Amino acid sequence: MKRILYVSSTRFPWFESQSCAEHFAVAPYSINAIGFNLERMGWSVGWCGWNCSKNSFALARRIDDFKPDIVYTYGSTVALHPLFCRRFLCKHKAFKVVHGWDDHYGRIWGDMFGLLGKVFMNWMEKRIVKNSDAVVTLSHELQKIGRRWGVECKYIPNGADPIENLPRSDKIKLEGRFNIVYTGDKAKWKRTSDICKAMRLVQKDIKLYLTGRDEDYLRPYASDNCIFLGWLSKEEQFGVMAQADAFVCTSDQDCNAKLQEYLRWKKPILAFDGEANNFFKNGETALLAKDGDYAPLIEKLAADPELCKRMADNAAREIPVFSWREIAEQFDKFFVEISPL
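Model, not experiment: these values are computed from the prediction.

Calculation notes
Each residue is numbered by its place in its chain's sequence as written, counting from 1. Local features in this predicted model are restricted to residues of pLDDT 70 or higher, and side-chain atom pairs are both shown and tallied only at a pLDDT of 80 or more, whereas totals for entire chains, interfaces and linings draw on every residue. Based on all heavy atoms of the structure, the side-chain values leave hydrogens and waters out of the count. Under the scheme used here, helices are H or I runs from DSSP no shorter than 4 residues and strands are E runs no shorter than 2 residues, and both carry numbers assigned from the N terminus. Relative accessibility decides the category of a residue: with a 1.4 Å probe and only protein chains considered, values under 20% of the type maximum give buried, values over 50% give exposed, and everything between is partly exposed. Whether two residues touch is decided by their heavy atoms; if any such pair falls within 4.5 Å, the residues are in contact. Between any two strands, at least two bridges found by DSSP are needed for them to pair. Only the contacting stretch of a helix is used when fitting its axis, a line to C-alpha atoms as for every element, and angles between N-to-C directions run 0 to 180 degrees. Classification of ring pairs rests on two measures: the distance between centres of Phe, Tyr or Trp rings, Trp counted by its six-membered ring, which must be within 6.5 Å, and the angle between planes, read as stacked under 30 degrees, edge-to-face over 60 and tilted in between. Here, the term nonpolar core denotes a set of buried Ala, Val, Leu, Ile, Met, Phe, Trp, Tyr and Cys residues that are joined through side-chain atoms within 4.5 Å. Salt-bridge detection follows one rule: a side-chain nitrogen of Lys or Arg within 4 Å of a carboxyl oxygen of Asp or Glu.

J.: Is there a simple way to explain unusual backbone geometry in this structure?
T.: Excluding glycine, a negative phi dihedral is what most residues carry, and trans is how most peptide bonds are arranged. Its identity is not glycine, yet R191 carries a phi of approximately 60°, on the positive side. When you line up the elements, R191 lands in the loop between strand 7 (178-182) and helix 8 (192-198). With a phi close to 55°, D291 is a non-glycine residue in the positive phi region. Looking at the element boundaries, D291 is found in the loop between strand 12 (287-289) and helix 11 (295-302).

J.: Looking at this structure, how should I read helix 5 (residues 81-89)?
T.: Since there are 3.6 residues in each turn of an α-helix, residues three or four apart along the chain are aligned in direction. Along helix 5, the residues classified as buried are H81, P82, L83, C85 and R86. Looking at the packing, one finds that the buried side of helix 5 touches strand 1 (3-8), helix 3 (50-53), helix 4 (56-66), strand 3 (70-74), strand 4 (96-101) and helix 6 (105-131).

J.: Sorry, what's going on with the sheet that holds strand 7 here?
T.: Working definition: the strands of a sheet are paired by backbone hydrogen bonds and lie parallel or antiparallel to each other. The six strands lie next to each other as 9-8-7-10-11-12, forming an open sheet whose pairing is parallel. The strands lining the two open edges of the sheet, one partner per strand, are strand 9 (226-230) and strand 12. Each adjacent strand pair in this sheet contributes to an overall mean axis angle of 25°, direction not counted. In terms of strand pairing, strand 8 (residues 206-211) meets strand 9 through four bridges, oriented parallel. The partner of Y209 across the bridge, within strand 9, is I227. Lying on the sheet, helix 10 (residues 257-264) is in contact with strand 7, strand 10 (246-249) and strand 11 (269-272); it crosses strand 10 at an angle near 170°.

J.: It is not clear to me how the packing of aromatic side chains should be interpreted in this structure. Could you clarify?
T.: Two aromatic rings, taken as a pair, are described by how far apart their centres are and by the angle between their planes. A full pass over the atoms with the stated rule returns 17 aromatic pairs. With a centroid separation of 5.5 Å and 65° between ring planes, the pair formed by Y6 and Y72 is classed as edge-to-face. With a gap of 66 residues between them, Y6 in strand 1 and Y72 in strand 3 connect regions that are remote in the sequence. The residues Y6 and Y72 share a single accessibility class, namely buried.

J.: In this structure, what is going on with the environment of A295? I would like to understand it.
T.: Mapped onto the elements of the fold, A295 is located in helix 11. Judged by relative accessible area, A295 falls into the buried class, the value being 7%. Each C-alpha atom, one on A295 and one on R200, is 8.5 Å from the other, the two residues being 95 residues apart in sequence. Apart from residues lying up to four places away in sequence, A295 is in contact with A198, L201 and V202.

J.: What is the right way to read the nonpolar core from this model?
T.: One recurring pattern in soluble globular proteins: nonpolar side chains tend to sit buried together. Within the largest apolar cluster, 29 residues are counted, with the highest numbers of intra-cluster contacts made by L208, Y294 and I298. Broken down by secondary-structure element, the contributors of at least two residues to this core are strand 7, helix 8, strand 8, strand 10, strand 11, strand 12, helix 11 and helix 12 (305-318). Here the element with the most residues in this core is helix 11; it accounts for five residues. Here L208 is in contact with I180, Y182, I195, C196, M199, N225, C226, I227 and V248, once residues within four sequence places are set aside. Membership of the second largest hydrophobic core comes to 27 residues, among which are L232, M241, A286 and A315.

J.: Which parts of the structure should I look at to understand the pairing of strand 11?
T.: The side chains of a regular strand alternate, first on one face of the sheet and then on the other. Burial along strand 11 is two-sided: I269 and A271 and L270 and F272, pointing in opposite directions, are all buried. Sheet topology places strand 11 next to strand 12; three bridges connect them, and they run parallel. Following the sheet pairing, L270 is matched in strand 12 by L287.

J.: Help me understand the pattern of salt bridges, please; the structure alone is not making it clear to me.
T.: Pairing between side chains of opposite charge can happen when the charged atoms of each approach one another. Under the counting rule described, the total for this entry stands at 15 salt bridges. Across the salt bridge formed by R86 and D133, the nearest N and O atoms sit 2.7 Å from each other. A residue pair is termed long-range when its members are at least 10 positions apart, and R86 in helix 5 and D133 in the loop between helix 6 and strand 5 (134-137) qualify at 47 residues. Given a relative accessible area of 36%, D133 falls into the partly exposed group. Between D313 and K309 there is a salt bridge whose closest N-O contact spans 2.7 Å.

This is a description of form; function is not addressed.
See the structure below:
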């Protein structure tokens with residue numbers, strides 16, 4: 001049986017559960033969805049969160065007990081630990097360390113901890129990418145950076161399951177003439193304030209609805225057309241998304257998970273004019289806001305239903321979206337290529 005151990009820096013207590021079904025129920029995306037589907041494809045899947053991964057001795061014992069073929073690291077702070085364990089602590093050494101590189105670690109640490117955090121994590125990020133046995137990334141931008149460092153990273157995008165049979169609640173009614181929806185994390189480095197500022201400049205019957213945990217720094221932007229819905233049930237979330245006229249992704253990234261989720265709904269997408277150019281064709285498959293100036297693009301979409309349809313149709317035709325099962329199949333194929341299992 002093929003065996004994979006996920007080693008993550010996450011502190012969520014449920015992550016220590018060894019049940020793939022529980023992982024998928026709590027977070028049906030990313031490595032949790034991939035692990036769930038790999039198990040259904042015949043893999044034995046183990047999970048190692050912060051309680052274990054932070055301690056090299058505990059991690060080495062976990063590796064020796066589980067005897068994985070693949071150790072998949074996820075998160076910057078513990079990604080080098082399995083390499084240290086394999087060299088100095090583990091009896092079981094016949095495994096490949098594969099890093100899942102989703103974000104610019106240096107950029108995030110710079111936002112959180114300032115210049116010193118950025119410099120330190122830039123150094124750490126390069127060590128992780130260059131020393132792992134293989135790297136998988138869902139970002140073309142990170143793939144370019146890897147090549148500059150002499151590492152060819154395997155590109156496997158985010159997934160999103162079909163939406164046709166998702167349970168939806170009609171509890172929340174969107175009330176604008178044109179409704180824009182933003183879902184998920186609103187950390188400062190995601191530039192969510194850009195779209196909130198834009199709502200002060202557009203007609204008041206154009207409304208922005210933001211779901212997910214609220215952030216204090218965005219509170220001043222709350223208004224009649226910038227509406228924070230907070231944390232929603234899955235049914236409420238899908239009900240809100242079904243009513244959207246457009247979606248927005250504000251982070252300067254080409255790999256945010258919400259991109260694939262948005263694309264499933266076949267609505268026009270607004271995004272930041274930066275790394276998203278690796279993913280979209282500006283003006284054809286999405287509208288990208290230069291310097292985060294969304295207001296004129298919002299007004300343009302709201303005034304032109306034909307443009308909205310054309311953008312959505314172009315994106316649906318040109319950008320493939322894979323189910324999480326299909327993404328897991330891509331991982332399975334790659335793991336077999338790098339390590340005879």
